[in-house]
Amino acid sequence: QRGGVVATLDCTVEGDVRQVGKGSVVVSKTGKVDGNISESGSGHVKVHGEVDGNVTERDSGSVRVYRSGSVDGNLAERGTGDVRVDRRGSVDGNVSETRGGKVVIRGTVDGNVKETGTGHLQLMRTAKVDGNVYERGAGNLYVYRGAKVDGDISEGGKGKRINR
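In this text the structure is predicted, and so the values were computed from the model without any measurement. (Residues numbered from 1 in each chain as written. Predicted model: local features only at pLDDT ≥ 70, side-chain atom pairs only at ≥ 80, totals over all residues. Heavy atoms only, no water.)

Draft legend 1. Layout of the nonpolar core. Core analysis: the biggest nonpolar cluster contains 29 residues, and Ile37, Val55, Leu75, Val95, Ile105, Val113 and Leu123 have the highest contact counts within it. Those elements giving two or more residues to this core turn out to be strand E4 (25-27), strand E7 (45-47), strand E10 (63-65), strand E13 (83-85), strand E16 (103-105), strand E19 (121-123) and strand E22 (141-143). Setting aside chain neighbours within four positions, we find Val95 in contact with Leu75, Val83, Val103, Val109, Asn112, Val113 and Lys114. (Core = buried A, V, L, I, M, F, W, Y, C linked by side-chain atoms within 4.5 Å. Buried < 20%, exposed > 50% of the residue type's maximum accessible area, 1.4 Å probe, protein only. Helix = DSSP H or I, 4+ residues; strand = E, 2+ residues; numbered from the N terminus. Contact = heavy atoms within 4.5 Å.)

Here it is in structure tokens:
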């Protein structure tokens, strides 16, 4: 798809979904993608339903996994957009952000969370991470009381670790 919105409404997509340009990819609550999602433009990826594959955003758009959403794979933001996993949302894989966007985790990540750009990484009080948490860029690492991390928590960039 080029320049439009790709939406899954009450259906299952067997295979990969690729969006290029200004449009977005929206997986509705009753939607399912059995494959990978790739968005490389100013659009966003919004997961309300289920993705059995990886989600990658390569430009200025953001990726959000809503409270009813799940990603059974890795989630990567390689552009300047943000990553957000809402409370009750889940990612069964790693979450990474490599440029200027921030990462906000309120839900569950069954893997590592890594931010290596200029944005901040925030583990809110309802966050649960089964792996390690790394902040390696210029942003700060915020860990709110109640957040649970089974692995290591590390701030190795120019920013600070801030406990709240």
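Draft legend 2. Spatial organisation of the sheet that holds strand E25 (residues 161-163). Strand order in this open sheet of 9 strands is E1-E4-E7-E10-E13-E16-E19-E22-E25, and the pairing throughout is parallel. Strand pairing shows two members of the sheet lacking a second neighbour, strand E1 (6-8) and E25, which therefore form its edges. Pairwise comparison of adjacent strand axes, ignoring direction, gives a mean angle of 5 degrees for this sheet. Direction of pairing for E10 relative to E13: parallel, over a ladder of 3 bridges. If you follow Val65 over to E13, its bridge partner there is Val85. (Pairing = 2+ DSSP bridges. Axes fitted to C-alpha atoms, helices over the stretch in contact; angles between N-to-C directions.)

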